[in-house]
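Tertiary structure, described
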Amino acid sequence: MRYLYYPGCSLKSTGKSYEESLLAVFKALKMDVVEINDWNCCGATAYMAVDETKAFAIAARNLALAEEQFNKEEEIHVIAPCSACYMVLLKTKMFLEQNLAEKGRIKNALKESGLNYEGKVKIRHPLDVLVNDIGVKEIAKAVTHPLKGVKVASYYGCQTVRPYSTFDDQREPHTMDDITAAIGAESVDWPLKTRCCGASLTGTIDRVGLPLSFMILKEASKRRADVVSTSCPLCQFNLECYQDNMNKQFRNDIHIGVVYFSQLMGLALGIDPKTLGMNRLFVPPENVYKIMKGGEKVYV
Amino acid sequence: MSNTNGNGTIKGITPRIGFYICHCGHNIAAMVDVEKVQKFVASLPGVVVSRDYKYMCSDPGQELVQKDIKELKLNRIVVASCSPLLHEHTFRRAVEKAGLNPFFFHMVNIRENVSWVTDNREQATAKANALARAAIQRVFFHKSLETKKVPINPDVLIVGGGIAGIHAALTIANAGKHVYLVEREPTIGGHMAMFDKTFPTLDCAACILTPKMSSVKNHPNITLWTYSEVEKVEGFVGNYKVNIKRKPRYVIEELCVGCMDCIDACIYKEAKYPDEFNQGLSKRKPIYIPFPQATPQVVLFDPETCIDFKSHRCKKTCIEACDRKAIDLKQVPEYKEINVGTVILATGFKTYDAEKSPQYGYKKFPNVFTSLEIERIVNASGPTNGEVLTKEGNIPKSVGIIHCVGSRDEKAHKWCSRVCCMYSLKLAHLIKEHTGAEVYNFYIDMRTPGKGYEEFYDKLMNEGVHFVRGRVAEVTDWALIPEEEHKLTIRVEDTLIGVVRRIPVDMVVLAVGMEPREDAQDIRRMFNISCSTEGFFLERHPKLAPVSTFTDGIFIAGGCQGPRDIPDSVAQAGAAAAEALSLISAGSIELEPNTASIIESFCSGCKSCIPLCPYSAISFNEGTKKAVINEALCKGCGTCVAACPSGSIIQNLFEDEQIFSEIDGLLKFAGIELEEMEVVNA
Amino acid sequence: MDTTIDVKSFAPNGKQNGYNGKAKMINRKIKYESELSSDFKETIAELAHGEKLYGCIQCGTCSATCPVSHYMDYTPRKIIQMVREGFRDDVLKSSTVWLCASCYSCTVECPKGIKITDVMYALKREAISAGYFPKRFPTPVLAENFFAQVLNNGRNSEGPLLMKMYMKTNPFNALKNTMLAFRLWKTGRLTLKTEHTKDRKSLKKLLGSIDKQKEALAK
Ligand SMILES: Cc1cc2nc3c(=O)[nH]c(=O)nc-3n(C[C@H](O)[C@H](O)[C@H](O)COP(=O)(O)OP(=O)(O)OC[C@H]3O[C@@H](n4cnc5c(N)ncnc54)[C@H](O)[C@@H]3O)c2cc1C
Ligand code: SF4
Ligand code: SF4
């Protein structure tokens, strides 16, 4: 099967290592993945707040572009790794299916800009594709450096599983934990898998947002996680990059690696850390490296 | 259409039709222009009089029809009003009283089928016109018919031996009629047998239930079959044939006296398997009795766990211990066939599976319990002898009771389960009494309608139980402050204050709601009744026939019809028993004369109808080489009529010319004329 | 006729009210029907795609599951009731709308299937169009700038976006975060370059067409 890939704005900037590691993992698993030509912003959360029809229209443009690019395919699978993009694209697709008047308007607008949208696109999260299409068995087979002894706190955040996705349980998701098990690591059992990290509030109103991120990291360390694994660029950013601010604000000394699940996968598949964008991390997952060093191959 | 001539004469009779359209207050008149319909029908051939009236079913309404029959010499009557289920009988009787055969009457439903299902007055009126014309054309062809009376078998089958089934059985048996009580579990008692106390009076459940259970066992008019299931039901009101399977207990019921020596002698010294009656909170042996007051007092084997069933190599110490020689490991299922006239279904309910609401942590956190588990725990004969302890063995200092688990929730069940508020209050009282803990009740709305119920709520408030109005979002082991460590924290908005609270507790009780039993749909099919959308058995009328079903002679009572408490279940059981007894004392029942019959001269003797009849009412006469229908067995389903290749079967009230003429009347509104029909001229 | 009360004389800032300023904790807590907007609930229900909000049973699950409700001036549950009862101005002026992190917990947990997050979005849009949002509150500023950027460039550039937001709301905050920005730049995770799609014309056409159709609809 061929997949289209929709990076979204974050995976080209703050979330660069998500893109780097994910594409490397796809390659290692011999998946056929191509980026959508000249995609635009998904419309994202903040946009919805301003003008909904326009937000849906620009999101729909990406769906139309995907159909143009893969025009021969019956069903077009678009991988959207950023949870906000994933949620917005899914929402757009559902909205167009349910709201025929708006659909007409948006189709007209697309036509004026030279595009067409038929509804053949399926929006997929990489966790969905990896667990349900590729399968944990295949992933386990490809592992060369099992992360034995590494304790991972899987952190799905909000919009990966809420509110529209159907590939995982909304309250007790498990796909990331399935992958964790497939690469030989161990999941910690914790209640904050889908607790909000503060999203844009961490950057805008840090008095409200920062504590949310802090409580998540605090609980992960308390449950003896070596590393927090994420599937969203904003979560990763909030949880990792603000650790200094948190320590200042809450007089604490939190220091825990927060990486993308694809980075952990990459390490287990034997991909070199630089290709996985590990060098871009503020807080390198020291514990993971230490445990891996105990094995035969030495990293970093 | 030419099956009538100008003055409406057919086949030598001149129909004189009276048409009556009912306003049903505003129910019909608000959406259907009744006057317009009345005028339209007046213009149709054969119609002598056409009237509209506020309430046709009232006495003056009926008298109107009777007067017209006499004065205008009417010989056909059509009433357009509500569903025939409600008033067909009323009007037929009225017509009969006026000296006309009741089957010259026909009813049109313009309420459920028209006015209630649209908000377009114009279209509603057009549809009413169409249906009225169809009926007028149909009654042309109606014939005089005689109803048949069949005797009612006075024996009654009751399925389910919870409090509802028990009460119904005793009521009927005390009236001198015979009852077969079939219970699936090894003992009767149902849910009530598990409780310690019952609200609102807090009387001991066992004290009020066990005497009734033993009366059932000892009553000369009751045949009690526990550990048994209904397998097949045939027949109709007054004459049901029922097949029952009695599962093997591997113990001869008549010999066992319940001394339990065998249980002591079992080679398992320790009980090892989860005890169903105690919700798995304690253990039992492969040979066991559900609880001390189980009725009948007979032990049984669980072949799944008994060594001898698996390997045939047990020493069988149990058999040796029984000096009454009651154990029979070779016992096989026993099949019974009984004939009864009426049936009462009292199969009860099931509690909501709390694991389906993962936010409350049931099965994840050991100290989260369901209400049914707590009922056992507070029970003096329960797994802990009535001691309320956490899984760690400590007396809880604080307990949270979460209402509405699985109820009032679109993701689970939309309905209110009606009893949970009250039983949560009861449990709050019992837990506080047993432990002295701080008890919190988290409720959305406190529902305590019932005699003495609000007073019970008041009592609980004065006992110092906390009441927090808010639906709990989550039970978590995520501690934010030291006081929450090693506790379960409940997150809830105290909606009366408007503040989110985090309340650490040692124990959580989930007030699970009531839902239909898993096999409710199978039972429904077996007894040919209906279920409402949520899956509980459907009553014939929510207000006026709450224990009847759409199948005559089958009644429902208790939790199988919807969530309800013990007083209401008992009241319903009494009502169902009275309904059954009233049929029995009438002695016989009139059957609708809608039976099929064979026109011998047409029958080619192909036998295709015979295997199709679901009631085995058709046989073959080897002498004449023609099929014969036994009218007493025919239920009027019409299957054979449609299947007969030579068109030689006709069915009363559904003759071809009646149906075609009716269809023709309908289609005229779409501008379609049926071809002149062969049958009409035949 | 003369019996109608001048509601303003009871207003918290009304001059007649001698407590103003001196005793702030004494707040008026009464609402007159004439102060409410009876069509507000329909407006919001339509914007949020659903009339389900009429069926709220005020259970508070939304507030209890919300990660930020303890900072809001009205909890999400109260907002639903206020929308339903037409407390338009109070709702649109509340901080709740801007504190909602769009985490969708409430939407998933609501036993009545009310899409509370979508209601919050609808309220954000209403508040912006009514000009009600707090001036130096960063969220609406962020939303508006984001909007402008995507409109022009097709993509959003996180660096310039955040810069603008901080400058407009709290320049001090920008300073506080310079270290963060520097580290992001050093690890190649942030540029001040503006991102954009190649075919910006088609995007303009797309959005222009929506405007045109909306105008036509309004007529
Ligand atoms: C936790 C809890 C506490 C409660 N506390 C109180 C209280 O204090 N006071 C009060 O008034 N009410 C209370 N109730 C409500 C009470 O349980 C019900 O009103 C009552 O049990 C209904 O009785 P029933 O006979 O209809 O159903 P059940 O008690 O469910 O009995 C049905 C019987 O039918 C049998 N059965 C089911 N299917 C079949 C079949 N196919 N064939 C043969 N047999 C079958 C079952 O085995 C069972 O024995 C409580 C309910 C719960 C859940
Ligand atoms: S959770 Fe839903 S029903 Fe409950 S208060 Fe919130 S919006 Fe209303
Ligand atoms: S979506 Fe908004 S209102 Fe709802 S729980 Fe999340 S932050 Fe709170």
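Residues numbered from 1 in each chain as written. Chains lettered and ligands numbered in written order. Predicted model: local features only at pLDDT ≥ 70, side-chain atom pairs only at ≥ 80, totals over all residues. Heavy atoms only, no water.

**Focus on the interface of chain A and chain C**
Going by this rule: Contacts are assigned to residue pairs that have any heavy atoms within 4.5 Å of one another. Throughout, buried area stands for the accessible area (probe radius 1.4 Å) lost by two parts on being put together, summed over both. Put simply, a salt bridge is a Lys or Arg side-chain nitrogen that is within 4 Å of an Asp or Glu carboxyl oxygen. In the analysis that follows, any N or O atom pair within 3.5 Å is treated as a polar contact, provided that within protein one partner can donate a hydrogen and the other can accept it, and provided that, for residues neighboring in sequence, both atoms belong to side chains. Each helix is a run of H or I in the DSSP string that is no shorter than four residues. Each strand is a run of E no shorter than two, and both are numbered from the N terminus.
At the junction of the two partners, chain A supplies 67 residues and chain C supplies 62 residues. Summing the contributions of chain A and of chain C, the shared interface buries around 5,800 Å²; its carbon and sulfur component is 59%. Counting every contact that joins chain A to chain C gives 7 salt bridges. The tally of links between chain A and chain C comes to 22 residue pairs in polar contact (both at pLDDT 80 or more). Elements represented by at least two residues in the side of chain A that touches chain C include exactly α2 (44-48), α3 (52-69), α4 (83-98), α5 (100-112), α9 (201-204), α10 (206-222), α11 (233-241) and α12 (243-250) of chain A.

**A look at helix α8 (residues 175-182) of chain A**
Residue and element names in this part refer to chain A. Formally: Each residue is placed in one exposure class: buried if its accessible area under a 1.4 Å probe, protein chains only, is under 20% of its type's maximum, exposed if it is over 50%, and partly exposed if it falls in between.
For α8, the tally of buried residues reaches 6 of 8 residues, placing the bulk of the element in the interior. For α8, the full list of buried residues reads Thr 175, Met 176, Asp 177, Ile 179, Thr 180 and Ala 182. Each element contacted by the buried residues of α8 is listed here: α6 (126-134), α7 (136-142), β5 (151-155), β6 (186-187), β7 (227-230) and α13 (261-268). Backbone geometry just downstream of α8 places Gly 184 in the positive-phi region, at approximately 90 degrees.

**Comments concerning the packing of helix α11 (residues 420-435) of chain B against helix α12 (residues 453-462) of chain B**
Residues and elements named next belong to chain B. The condition that has to hold: As a rule, the C-alpha atoms of each element are fitted with a line to give its axis, helices using only the stretch in contact, and angles between N-to-C directions run from 0 to 180 degrees. For a crossing to be left-handed, the near helix must be turned anticlockwise from the far one by less than a right angle; the clockwise case is right-handed.
With their axes 10 Å apart at the nearest point, α11 and α12 run at an angle of 35 degrees to one another. In the packing of α11 onto α12, the handedness of the crossing is left-handed. Every residue of α12 that contacts α11 at Met 422, Leu 425, Lys 426, Ala 428 and His 429 is listed here: Tyr 453, Phe 456, Tyr 457, Lys 459 and Leu 460.

**Considering the site of ligand 3**
Residues and elements named next belong to chain C. Spelled out, the test is: Throughout, the term near means that a residue has one or more heavy atoms lying within 4 Å of the molecule or strand in question. Here the term charged refers only to Asp, Glu, Lys and Arg, the term nonpolar to Ala, Val, Leu, Ile, Met, Phe, Trp, Tyr, Cys and Pro, and the term polar to all other amino acids, Gly among them.
Neighbouring ligand 3 are 13 residues, the closest being Cys 66, Cys 100, Ala 101, Cys 103 and Cys 106. The set of elements that each furnish at least two residues to the shell around ligand 3 consists of α6 (105-109) and α7 (116-129). Looking at the shell around ligand 3, its residues break down into 10 nonpolar, 3 polar and no charged.

**Some details on the site of ligand 1**
Residues and elements named next belong to chain B. Cut-off, in case you're wondering: Calculation of accessible area relied on Shrake-Rupley with a 1.4 Å probe; when residues are assessed, cover is drawn exclusively from the protein chains displayed.
Taken together, 36 residues are adjacent to ligand 1, and Glu 183, His 191, Lys 426, Gly 559 and Arg 564 come closest. A distance of 2.7 Å separates an oxygen atom of ligand 1 from a polar side-chain atom of His 191. Relative to its unbound accessible area of 1,000 Å², ligand 1 is 98% covered by the protein chains. For the shell around ligand 1, the elements supplying multiple residues, two or more each, are α5 (163-174), β8 (197-198), α10 (371-378), α11 and α14 (566-586).

**Notes on the state of the cysteines**
All names here are of chain B. This is how it is decided: Here, the term disulfide refers to a pair of cysteine sulfur atoms separated by no more than 2.5 Å.
This structure, assessed with the given rule, holds 1 disulfide over all chains. Linked covalently through their sulfurs, Cys 204 and Cys 207 form a disulfide whose S-S length is 2.3 Å. Its S-S torsion of about 90 degrees marks the bond between Cys 204 and Cys 207 as right-handed, since a negative value means left-handed. Cys 207 gets classed as exposed once you look at its relative accessible area, which sits at 51%.

**Here's the deal with α12(A)**
Residues and elements named next belong to chain A. If you check which residues of α12 are buried, you get Gln 243, Asn 245, Met 246 and Asn 247. Contact partners of the buried residues in α12: α10, α11 and β8 (257-260). Positive phi appears at Arg 251, one or two residues downstream of α12, with a value of about 45 degrees.

**Overview of the domain arrangement of chain A**
Residue and element names in this part refer to chain A. What counts here: Just so you know, the domain bounds were taken from an automatic or database domain assignment.
Each assigned domain of chain A is listed with its residue range as follows: domain 1 (2-124) and domain 2 (145-292). For domain 1 and domain 2, the distance between their C-alpha centroids amounts to 25 Å. Around 1,900 Å² of area is buried between domain 1 and domain 2 when both sides are counted, 70% of it from carbon and sulfur atoms. Counting the contacts that link domain 1 with domain 2 gives 1 salt bridge. Summed over the shared surface of domain 1 and domain 2, the result is 4 residue pairs in polar contact (both at pLDDT 80 or more).

**Here we look at unusual backbone geometry**
Residue Pro163(A) is reached from Arg162(A) by a cis peptide bond, and omega for that bond is -10 degrees. Relative to the helices and strands, Pro163(A) resides in the loop between β5 and α8. A cis amide bond links Phe199(B) with the next residue in sequence, Pro200(B), at an omega value of -10 degrees. Here the phi dihedral of Lys73(B) falls at roughly 55 degrees; this positive angle occurs in a residue that is not glycine. Its location among the elements puts Lys73(B) in the loop between α2 (59-72) and β3 (76-81). On the basis of relative accessible area, Lys73(B) is assigned to the exposed category, the value being 59%. Non-glycine residue Leu653(B) carries a positive phi angle of around 70 degrees. You can see Leu653(B) is positioned in the loop between β34 (649-651) and α17 (656-667).

**Considering the sheet that holds strand β3 (residues 76-79) of chain A**
Residues and elements named next belong to chain A. Quick note on the threshold: What makes two strands pair is DSSP finding at least two bridges between them.
The 4 strands lie next to each other as β2-β1-β3-β4, forming an open sheet whose pairing is parallel. Here the strands that pair on one side only, and so sit at the sheet edges, are β2 (32-35) and β4 (121-124). Averaged over all neighbouring strand pairs, the angle between strand axes comes to 35 degrees, with direction disregarded. In the sheet, β3 pairs with β4 via 4 bridges, with the strands oriented parallel. Opposite His 77, over in β4, you have Lys 122 as the bridge partner. Each of β1 (2-5), β3 and β4 is contacted by α6, which is oriented at about 95 degrees to β4, the strand it contacts most.

**A closer look at the packing of aromatic side chains**
Residue and element names in this part refer to chain A. Rules: Pairing of aromatic rings covers Phe, Tyr and the six-membered ring of Trp, with a centre-to-centre limit of 6.5 Å; geometry is then stacked below 30 degrees between planes, edge-to-face above 60, and tilted otherwise.
Counted under the stated rule, the structure contains 22 aromatic pairs over all chains. The interplanar angle of 0 degrees and the centroid separation of 4.3 Å between the aromatic rings of Tyr 18 and Tyr 260 together place this pair among those described as stacked. On the criterion of sequence distance, the pair formed by Tyr 18 in helix α1 (residues 16-28) and Tyr 260 in strand β8 is long-range, its members being 242 residues apart. Neither residue differs from the other here; Tyr 18 and Tyr 260 are each classed as buried.

**A few points about the environment of Asn109(B)**
Residue and element names in this part refer to chain B. Secondary-structure assignment places Asn 109 in strand β4 (residues 105-109). Since its relative accessible area comes to 11%, Asn 109 is described here as buried. Asn 109 sits 420 residues away from Ile 529 along the chain, and the two C-alpha atoms are 22 Å apart. Here Arg 111 takes part through its backbone nitrogen, which lies 3.0 Å from a polar atom of the side chain of Asn 109.

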